[in-house]
Amino acid sequence: MTALELLSAIGAADAADLEHSERRAPRTHRLRMGILMAAAVIVLLSTTVFGVPAIRNALFGLRTGQTYVSGLHVREGKPADPREGAMDVFLDVRMNPDAPKTIETCYVPLLPARAWDPIPLQVTAGQTPSFRRDTLLQWRSGDGSYVVFRQHAAPGYTVEQPLDSVSTGFDAAWTVDQLMLGGFWVQRITVAPSVLEAGGSRAQRPGLQKLYWSDGDYLFTMEVNYAMSEQTLGAILESIAPVERIDKYITVESVPAVVLPLPRLGLTRILFPASAPEGYTQSRGLQYTNGEYFFLWLQGETNPPSTLELSIAPQGRNDDIREDWELSAREYEKTAAQAGGMDVTCYQTDAAAQLLWHFDGADYTIKSTGPERLPVEDLLQILEGCVLTPDTSAGLMP
Amino acid sequence: MEDAEIVALYFARQEAAIAASQQCYGAYCYKIAMGVLANHEDAQETLSDTWLHAWNAIPPERPPRLRPFFAKITRNLAIDRWRRLHAQKRGSSLELALEELAECAGGPPLPQQQLEDKELEQSIRRFLAACGQRERDVFLRRYFFFETTEQIARRYGIRQSNVLNLLSRTRKKLKAHLKKEGYLP
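Now for a description of the structure that goes with this document. (Residues numbered from 1 in each chain as written. Chains lettered and ligands numbered in written order. Predicted model: local features only at pLDDT ≥ 70, side-chain atom pairs only at ≥ 80, totals over all residues. Heavy atoms only, no water.)

### With respect to the overall build of chain A
For chain A, the count of helices and strands is 8 helices and 25 strands. A total of 398 residues make up chain A; the buried ones form 47% of that total. Relative to all contacts within chain A whose residues are 6 or more apart in sequence, the contacts with residues 24 or more apart total 62%. For chain A, the accessible area works out to roughly 19,600 Å², and carbon and sulfur atoms hold 52% of it. (Helix = DSSP H or I, 4+ residues; strand = E, 2+ residues; numbered from the N terminus. Buried < 20%, exposed > 50% of the residue type's maximum accessible area, 1.4 Å probe, protein only. Contact = heavy atoms within 4.5 Å. Areas by Shrake-Rupley, 256 points an atom, 1.4 Å probe, with all protein chains shown as cover.)

### Points about the overall build of chain B
A tally of regular secondary structure across chain B gives 10 helices and 0 strands. For chain B, the sequential pattern of α-helices and β-strands runs α-α-α-α-α-α-α-α-α-α. Within chain B, buried positions represent 50% of all 185 residues. Counting contacts in chain B only where the partners sit at least 6 residues apart, residues at least 24 apart contribute 65% of the total. Summed over all atoms, the accessible surface of chain B reaches about 8,900 Å², with 52% contributed by carbon and sulfur.

### Section: the interface of chain A and chain B
The figure often quoted for interface size is the accessible area lost as the parts come together. Between chain A and chain B, the residue contacts involve 39 residues of the former and 56 residues of the latter. At the boundary of chain A with chain B, total buried surface from both sides reaches about 4,000 Å², with 54% on carbon and sulfur atoms. Our count for the contact surface shared by chain A and chain B stands at 5 salt bridges. The salt bridge involving R169 of chain B is made with D217 of chain A; its shortest N-O contact spans 2.6 Å. Remark: the boundary between chain A and chain B carries 10 residue pairs in polar contact (both at pLDDT 80 or more). (Buried area = accessible area lost by both parts, 1.4 Å probe. Salt bridge = Lys/Arg side-chain N within 4 Å of Asp/Glu carboxyl O. Polar contact = N/O pair within 3.5 Å; in protein donor to acceptor, adjacent residues only side chain to side chain.)

### A closer look at the packing of aromatic side chains
This model, assessed by the stated rule, comprises 21 aromatic pairs over all chains. Note on F272 of chain A and W297 of chain A: the rings are 5.8 Å apart at their centroids and 45° apart in plane angle, and the pair reads as tilted. Highlighted residues: F272 of chain A in strand β17 (residues 270–273) and W297 of chain A in strand β19 (residues 293–299), separated in sequence by 25 residues. In this structure, F272 of chain A and W297 of chain A share a single accessibility class: buried. Judged by centre distance (5.8 Å) and plane angle (55°), the rings of F69 of chain B and F70 of chain B are tilted. (Phe/Tyr/Trp six-rings, centres within 6.5 Å; stacked < 30°, edge-to-face > 60°.)

Structure below.
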C-alpha cells in the first residue's frame, strides 16, 4: 500500500466529520460569556435536577452502567461535616477509548518547573516514586503561589465513581466554569476562602482552584492557589511539554518508614449474618494480618451498587468513626437500640446508615451505602439474624 | 442560496447551478485545490472540473450537503491532477502530507481489485470513527484538506506543537490499525 493510496482512501471520510472539522475554536467574548452562563446554570442545576441520576445522565448522554473512560466525575465533598454528605459535580472531559493505560509520554509544565521551587515528594526511605499510571509534580513560588500537577493514564472510571474530592468546608462559595487555557478546554472548580468551624475551633481555609482537562490520551489535573490569575494559569498550561526523563523534575524527600503497631485481634468466634440480605451477593471476605475482618456484599442492580459492609476490629478501633459521627449528630439521626442482646449505636444520614457495637472484646460495624442502601431498621434485623460461629474463617473469600 | 436550491438547479439542468456553486463554494474549493497543487492555474482548472463533475453527478445523486460533496470532488480531482503533474510540481501541502503518511504506508501498491472494492476506504472510516473528536478533526484538516499545522492550530486555538503531537500520535495509531487489518506487514 502506497502513501498515495492511503491519502486517496482518506478522501472517503464521512461528510459529517468533514463538516465538523470546519468548526473553529470560539474566540469572542460573547461566546465565552455564554459558556460561563451555561456553566453557572449547570452549577445551579447540579444542586437540583442533576441530583437525580437519571436526569443528569440523560442530559449528559450517559447511561447508568456505561463504562466511562471519557468522563470525569468530581465529588465535591464536605468531609469536615459528614452530615452534609457529598455533592457530585460531573464534568465532561472526553478521553479516547483507546488512550494508553499506562503513562507512555510524561508531560511537565516547564514554567514552574524551571522558575519555582520544587515541593519534595515524600517517599519512604529506600523507595522511589512510581509514575506508571499517575504522575505528581509540585512547586511553590516566593509569593505564596503553588502548583500541584498530575497526569493520569486512562482512568476508566465509571459514571458514579468519584475521581476526585474537592473539600470546600463550611459555607465556602464554590463555582464551576470552563475556560480555554493553553489550547485546552479546561474545567475549573474554584473554592473561595472560608472559615471552618468545627469542634469549637475556627480555622481559615485559603480556597483553591482545581483544573481538569484532557488531551484525549491523558487526563490532567492541576491544583493552584485561589489567587492565581488566569494569565498565570494560561502561561503554566502553555508551558506544558513532553519530557523524556521526568525524574529530572522531581525532588524526593526520604522519610523514615513509620509502621504503627496494630492491635491484634484473636477471636475464637465471630458474629456473622446467617444469610445475605435479599438481593445482595457477597463480594469480599478478608482477614488482615492483625486479625481484623472485612466483609462486603453488593446489590448490583444500580451503578454504583449499593453496599453492605461488616467489619470486626480490635476494641477502640471504631473510636474515630464514632467521633466523626458525633460531630454530625446534631443534624443527623443518632439512636440507641438493642439487637441480639447488645447495645447498638445507630447513625443514619442521607448517604449511609451504620450500626456500631462491641462484642467479645471487638468493635463491630455494619454499614450500608449506595442508592438503594438499607435503612437502620434493616441493619438491625441483619444483626438480629447474625449467628455466633466458631469457624473464624466463615465468610472469608480468597 | 440554499443547498437545496442549487441542487434543484442541477436537477433542472440549468447552468445557473454551476454559477451558484461557484459563487457559494468557489473560494472554499479553490483553497482545497491550492492545498494539493500549490499552483493557481492548476487549482482553477480543478475547480472547473469540479463543477463539470458535479453537473454529471447530479442527478442522479442528490447530496444533502453540498459543502462536503464539493470538497470530496475537488480533493479527488486535485490529487489526480497532482499525480499527472507530479514530476514537474514540488512543494505542495500534499507532498508534505504524503511524506508524513509514508510512515503509515509500505509494501507494494494494493491490487486493483482491492482498490475497486474500496476496502481500504472502509478501513479508514473505521479508524476515523474510533478516533477522538479532536484527533479526527485535526487529522482531516491535515490529510483531507491539506491545511498546514499552523492553519490548524489557528483554527482550533491550540499550539502548533500540540497539532504536531496530535498528528504524530494519530499516525502511530493509524499504522497500528492498518497493521491489525492486514494492510501492513
